[in-house]
Amino acid sequence: MKRYSLIQLPEVEDFTQKEIVSMYSKYVNSGIATFLKILGFDKYKIVKAEGMYLYTECGKKILDFSGGMSVLNHGHNHPRIMEARKRFNDHKRLEICKAFIPQYQSVLANNLAEIFPGDLQYSFFCNSGAEANEGALKIALLFHRPKRDKIVYTDLGYHGKTFATMSVSGMVSRPYKELFKSLDGCLEVPYGNIGVLKELIRKRKESGRLDIACMILEPIKADLVLMPPHGYLRELEALCNEQDIILIADEIFTGFGRTGKMFGFEHEGIVPDIVTFSKSLGGGKASIAGYIVKSHIFKKTYGSLKGCTVHTTTFGGLGEECATAIEALNVINDEDLIGNARAQGEYLLARMKELKSKYPRFIKDVRGIGLLCIFELRSTSEVFGERLLKNIPHFNDLLLGLIPAAIVSELFKRHNILIYTGGREDNLFINPSLIITKEEIDMFIDSLDNVFGSNLLRLIMELGGNLIF
Ligand SMILES: Cc1ncc(COP(=O)(O)O)c(C=O)c1O
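Residues numbered from 1 in each chain as written. Predicted model: local features only at pLDDT ≥ 70, side-chain atom pairs only at ≥ 80, totals over all residues. Heavy atoms only, no water.

## Quick look at the packing of aromatic side chains
Rules: Stacked, edge-to-face and tilted labels apply to pairs of Phe, Tyr and Trp rings (six-membered ring for Trp) whose centres lie within 6.5 Å, assigned for plane angles under 30 degrees, over 60, and everything in between, in that order. Secondary structure counts use DSSP, requiring at least four H or I residues in a row for a helix and at least two E residues in a row for a strand, with both numbered from the N terminus. Each residue's exposure class comes from its accessible area (1.4 Å probe, protein chains only) as a fraction of the maximum for that residue type: buried when under 20%, exposed when over 50%, partly exposed otherwise. Two conditions define a charge sitting above a ring: the NZ of Lys or the CZ of Arg must be within 6 Å of the ring centre, and it must be within 35 degrees of the ring normal.
Tallied over the full model, the rule gives 19 aromatic pairs. Ring plane angle 55° and centroid distance 6.4 Å describe the contact between Tyr191 and Tyr232, whose orientation is recorded as tilted. Of this pair, Tyr191 sits in the loop between strand E6 (186–189) and helix H9 (194–206) while Tyr232 sits in helix H10 (residues 232–243), placing them 41 residues apart in sequence. Across this residue pair, the class does not change: Tyr191 and Tyr232 are buried. With a centroid separation of 5.6 Å and an interplanar angle of 50°, the aromatic rings of Phe253 and Phe429 are classed as tilted. On the criterion of sequence distance, the pair formed by Phe253 in the loop between strand E8 (246–250) and strand E9 (274–277) and Phe429 in strand E15 (residues 427–430) is long-range, its members being 176 residues apart. An aromatic cluster is present here, built from Phe116, Phe125, Phe256, Phe263, Phe265 and Phe277 joined pairwise through their rings. Above the plane of the ring of Tyr53 lies Lys61, whose end atom (NZ or CZ) is 4.3 Å from the centre. The ring of Phe143 is capped by Lys300, whose NZ or CZ atom sits 4.4 Å from the centre of that ring.

## With respect to helix H3 (residues 30–39)
Put simply, the rule is: Whenever two N or O atoms come within 3.5 Å, that pair is a polar contact, provided that in protein one can donate a hydrogen and the other can accept it, and provided that, for residues adjacent in sequence, both atoms are side-chain atoms.
All of the buried residues along H3 are Ala33, Lys37, Ile38 and Leu39. A distance of 3.1 Å separates the backbone nitrogen of Gly31 from a side-chain oxygen at the start of H3, and that oxygen is part of Asn29. Among the residues trailing H3, Gly40 stands out with phi positive, at a value near 85°.

## Describing the domain arrangement of the protein
What counts, and what does not: Where each domain begins and ends follows an automated or database-derived domain assignment. In this analysis, two residues are considered to be in contact whenever any of their non-hydrogen atoms come within 4.5 Å of each other. Each of two parts loses accessible area, computed with a 1.4 Å probe, when they are put together; buried area is these two losses added. The salt bridge criterion pairs a side-chain nitrogen of Lys or Arg with a carboxyl oxygen of Asp or Glu, the two atoms within 4 Å. Just so you know the grouping, Ala, Val, Leu, Ile, Met, Phe, Trp, Tyr, Cys and Pro go in nonpolar, Asp, Glu, Lys and Arg go in charged, and all remaining residues, Gly too, go in polar.
Along its sequence, the protein is carved into domain 1 (45–77 + 337–465) and domain 2 (80–334). On a C-alpha basis, the centres of domain 1 and domain 2 stand 29 Å from each other. Domain 1 puts 28 residues into the contact, and the matching count from domain 2 is 31 residues. Between domain 1 and domain 2, the buried area comes to about 2,400 Å², and carbon and sulfur atoms account for 62% of it. In this structure, the connection of domain 1 to domain 2 is made through zero salt bridges. In this structure, the connection of domain 1 to domain 2 is made through 18 residue pairs in polar contact (both at pLDDT 80 or more). Of all elements in the fold, only helix H13 (337–358), strand E11 (363–369), strand E12 (372–377) and E15 reach the threshold of two or more residues within the side of domain 1 that touches domain 2. With four residues, H13 is the single largest residue contributor to the side of domain 1 that touches domain 2. Looking at the side of domain 1 that touches domain 2, its residues break down into 14 nonpolar, 11 polar and three charged.

Spelled out as C-alpha cells, the structure:
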C-alpha cells in the first residue's frame, strides 16, 4: 500500500508564518500572496478571532472593520453559533440526508418563509452566492420555457464568477468577464434606469414577441454602496408584474440586516419573485447559500415528481450548515442586530461625513445605508500626479488603488484596524459586523483621521518597501 507523506492536522498550528506564506504562494495563489505582501498583511499569523477582534501570534489585537465582506454580520465565532454547531456534533446528528426528509433543512426553509414577505415560500440551498444565482436563473428560464429565453441584467451588477453569473454581471467584473465568452441571450440595461428597460421591452415586442424571461439585479448595489433612484424598485416590480418578467433580487451581500433592514429590497417595500441569499446566513461559520421563490413559479417548474430533481447539488442544505443558519437567523432576531445596524450605521455615516469635510483633497464622496458604507476617494493621479508614481516597480498595475492600499496598510500596521478596498480600486469599503459599538466606530474614525492627516505619499512609497523581506 502506498503511504503518502502528509502533514498531520495538529502540525498546522506549528508552522511559522513564513512557511505558511511560502506554501500558499507555491500551492494556492502567488499573485494574491504578493498583493497581501504589498499591504503588509503577510507577516501576521492570526491565532484567534472573537467578536469584532482578531488576535495575532505576536500579541496584536486587531479591530476587524471589514465584516468579512458581509459574511460576518454576527462577528467572529459568535458563542451561540459555536454552541449550535457543538450541539449538532455532540449529538452525532445526521448530516447527509438523501434518503430521509432532512429536519434541519425543513425548519430553516420554514423560518426563511416566515422572514421573507409575500408569497416567497420554497427555498433551495447550495454553497455559494454564484450557485444561488445560477439556480435562480435556471428556475426563471424554465418557468418561461420555451416561449422566453432572455435574461436582463444591469451594468453595475455583480452576481458571481461562474459562466452564467459572469454573463449577467456588469461593468464591475469586466476586466475578467472579457476573457471568457458570455452566455447568449443576456441583455444589459443601466442600473436604476426604468426608461431604458421600458424601451427594451417595447422594441422586443415590436420585433415579434416579448422574449424576456427574467431580470436580475442587486436592489442596493452592494460593493459601490449605490441606491437606485427613489421609486425605481417599485416601478420595476410593477413593470415586471405587468409583463410577466420574473424579478430576481440578489441579496447575497445586502441580506440579513446589513443595510438596516432584513433585506435591501425592503427599503422600497417590494416583493421580488425570487431572492438569492448567502454570506451571513452561515453566521460566519457555515458556507450556505440559496434562493427563495414564489410558490407558483416553484410549482410549475420543480413541483412535480418529474421536475423535482432537475436542479440539485450534493452539498446543498446539509444538516450542520442548516442548524448553523437556523441559529444565525435567531441571533439576528434576538439580539436586534438590524436595529444596531441602523443606529450605528447612522452614527458611522455622520462621522464619515466629518472626515469628508476635513479632507476634501482625498475624499470625493461618502455613502452609507445601515452598516454598508463607502469612502469614494480621489484617484492617485488626481492627488499626486501620475508621473511621480508610474515608474515604481509593481505599482503600474495598482496605480488607481495606491491611496486606498496605503490607507488599508497603515490602518493595519499602526492602528491595528482591518478594512478592505471596495468594488472599485479607488474606494475604501466599510462594512463592520452588526455587533459594532459606538466606541469602536470612534476608534476607527479617529485612526482614519490620523492616517489622512499623515504623509500619504510617504505611505505609498512604503508599500514598495513591503515587497522586500
Ligand atoms: C451581490 C453578490 N452576488 C453574488 C456574489 C457571489 O457570491 P460567491 O462569491 O459566494 O459566489 C457576491 C459575492 O461577493 C455578491 O456580493
